[in-house]
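Per-entry structural report
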Amino acid sequence: MNKEEIVTLVESGSPDVATLKSALSDMNIADIAEIFDELNKEKTIQVFRILPKSIASDVFTYMESDRQQVIVEALTDTEIGEIMNTLFVDDAVDFIEEMPANVVRRVLKNVQGEKRKTINQILKYPEESAGSIMTIEYVALREDATVQEAFNTIRTTGLNKETIYTCYVIRSNRLLVGVVTAKTMMLSSPTDLIGDIMDSNVVFARTSDDQETIADQFQKYDFLAMPVVDTEQLLVGIITVDDIVDVIVEESTEDIEKMGALTPSDDPYMKTGVIQLSRNRFLWLLVLMLSATITGSIIEGFEESLAVMPILVAFIPMLMDTGGNSGAQASTLIIRGMALGDIRLRDFLRVFWKETRVGLLCGVALSAVNFGRIYVMNNGNIPLALVVSLTLICTVIVAKSVGGLLPMLAKRIGIDPAMMAAPVITSIADAASLLMYFSIARVILSI
């Protein structure tokens, strides 16, 4: 049965429990979790209780936070304890961070002592740091152990670990000295020492490192997991690729929202209320609206010129739109390049020179087309065509240069480069294009 058929079966009234349980057991746990998004509160609890205990905890970790809360509030303390003590620590922390205080207190009360202590410790790490997304479920090996002894350790402890493919080599004080993969051990002799086959050149994160930096390292080194150490380089946990995928999605979403002049939100669109969406948008709309006062003031300052030649007004929207679009193109590429590590702050002058040349080429091409259009549509008015075309060249050059440099300047002073995206660039380009337009018009048309 597929997801739609199961939802239909559940909503039919009194589904056959054996049939439903069998169908759910054959599905992927991520697909099962999606089913709960389609169910009401009563059906959510009913179906979760039907799930085989062997997969219930795994399904729980894939659910949306509002569904998790519904389930936890309906479970007994014993059932909560069974779920929480089965979850990996990082999944438990993710769940707790999304819950209201009353739910958190009840959940932690039913977590085993040692695990509760670990969860509380991770919750104390700064948000979006390596420490806040790590897990303590890793395989640790001694460097003086043989390959055979290492496999015995994995067989004994591996069931409750996030990953057993990558193992970490430590000394008695948990000092991280190396890393060894299951592949390396399988291809080695059973009597070989782990210290002889391990890779001692370990790339690691510190608990205080920013999660976005960690994501960049995962991408650079193609990691499945990365060790996390404290200030003394003692191994305290690992970060796995599934958590990094969540980080990448979170950071990308945040950047996209900022580039669209929105206050970032952790909630999905369909689960965010109208009032909250309005709040997220209002501030930036207000700022951009007020910034339009600048362009209004510029137009007002050249009111006499417009009175002499009203036809100039007709080209203002085209010039402002072209400038805004040109700046948005440049800023989008630069912001993305900085996020991927392709563009660094030291490339400031190179970016300026490149965007200036790109702006010149694009501006000349656009102005050539525009010159012909204005000449034909305005009875061969060459001075007017020349004013608009020259302004277009200057506008595109300035907009692309500003669009390329502002994100880099923002990063240099500690502001998220995504803040300097299309809406901000457009406001600056609008003001610049108007100033150049009227200045050029005064010189060429003598108005």
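See the structure above.
What comes next concerns the included structure. (Residues numbered from 1 in each chain as written. Predicted model: local features only at pLDDT ≥ 70, side-chain atom pairs only at ≥ 80, totals over all residues. Heavy atoms only, no water.)

Some thoughts on the overall build of the protein
Each helix and strand counted, the protein has 22 helices and six strands in total. Principal-axis analysis of the C-alpha atoms places the extent of the protein at approximately 90 × 65 × 40 Å. Here the protein holds 447 residues, and the buried ones make up 45% of them. For the protein, the accessible area works out to roughly 23600 Å², and carbon and sulfur atoms hold 57% of it. (Helix = DSSP H or I, 4+ residues; strand = E, 2+ residues; numbered from the N terminus. Buried < 20%, exposed > 50% of the residue type's maximum accessible area, 1.4 Å probe, protein only. Areas by Shrake-Rupley, 256 points an atom, 1.4 Å probe, with all protein chains shown as cover.)

Considering the packing of helix H4 (residues 41–50) against helix H6 (residues 65–74)
Contact geometry of H4 with H6 gives a least axis separation of 10 Å together with a crossing angle of 70°. What the angle tells us is that H4 and H6 run roughly perpendicular. Residues Lys41, Thr44, Ile45, Phe48 and Arg49 of H4 pack against Arg67, Val70, Ile71 and Ala74 of H6. Broken down by class, the residue content of the contact of H4 with H6 amounts to five nonpolar, one polar and three charged. (Axes fitted to C-alpha atoms, helices over the stretch in contact; angles between N-to-C directions. Parallel < 35°, antiparallel > 145°, perpendicular 65-115°, else oblique. Contact = heavy atoms within 4.5 Å. Nonpolar A, V, L, I, M, F, W, Y, C, P; charged D, E, K, R; others polar.)

Here we look at a positive patch on the surface
On the surface, a cluster of positive charge is made up of Lys220, Arg344, Arg346 and Lys411. Among the secondary structure elements, Lys411 is positioned in helix H21 (residues 382–412). Lys411 gets classed as partly exposed once you look at its relative accessible area, which sits at 41%. (Patch = residues over 30% accessible without salt bridge, like charges linked within 9 Å, V, L, I, M, F, W, Y side chains within 5 Å. Salt bridge = Lys/Arg side-chain N within 4 Å of Asp/Glu carboxyl O. Lys, Arg positive; Asp, Glu negative; His and termini not counted. Charge placed at Lys NZ, Arg CZ, Asp CG, Glu CD.)

Here we look at the sheet that holds strand E3 (residues 176–181)
Sheet strands associate in pairs through backbone hydrogen bonding, adopting either a parallel or an antiparallel arrangement. Across the sheet, which stays open at both edges, the three strands sit in the order E1-E2-E3 with mixed pairing between neighbours. Looking at which strands have only one partner, the edges of the open sheet turn out to be strand E1 (140–142) and E3. When strand polarity is set aside, the average angle formed by the axes of neighbouring strands in this sheet is 35°. The pairing of E1 with strand E2 (residues 166–170) spans three bridges and is parallel. Looking at the pairing, Arg142 lines up with Ile170 of E2. (Pairing = 2+ DSSP bridges.)

Regarding the pattern of salt bridges
The full count for this structure, using the stated rule, is eight salt bridges. Residue Lys109 pairs with Asp77 through a salt bridge whose shortest N-O separation is 3.7 Å. You can see Lys109 sitting in helix H9 (residues 101–109) and its partner Asp77 sitting in helix H7 (residues 77–84), a full 32 residues away along the chain. Here Asp144 ties to Arg142 by a salt bridge, and the two come within 3.0 Å at their closest N and O atoms. If you follow the salt bridges from partner to partner, you end up with Asp77, Arg106 and Lys109 in one network.

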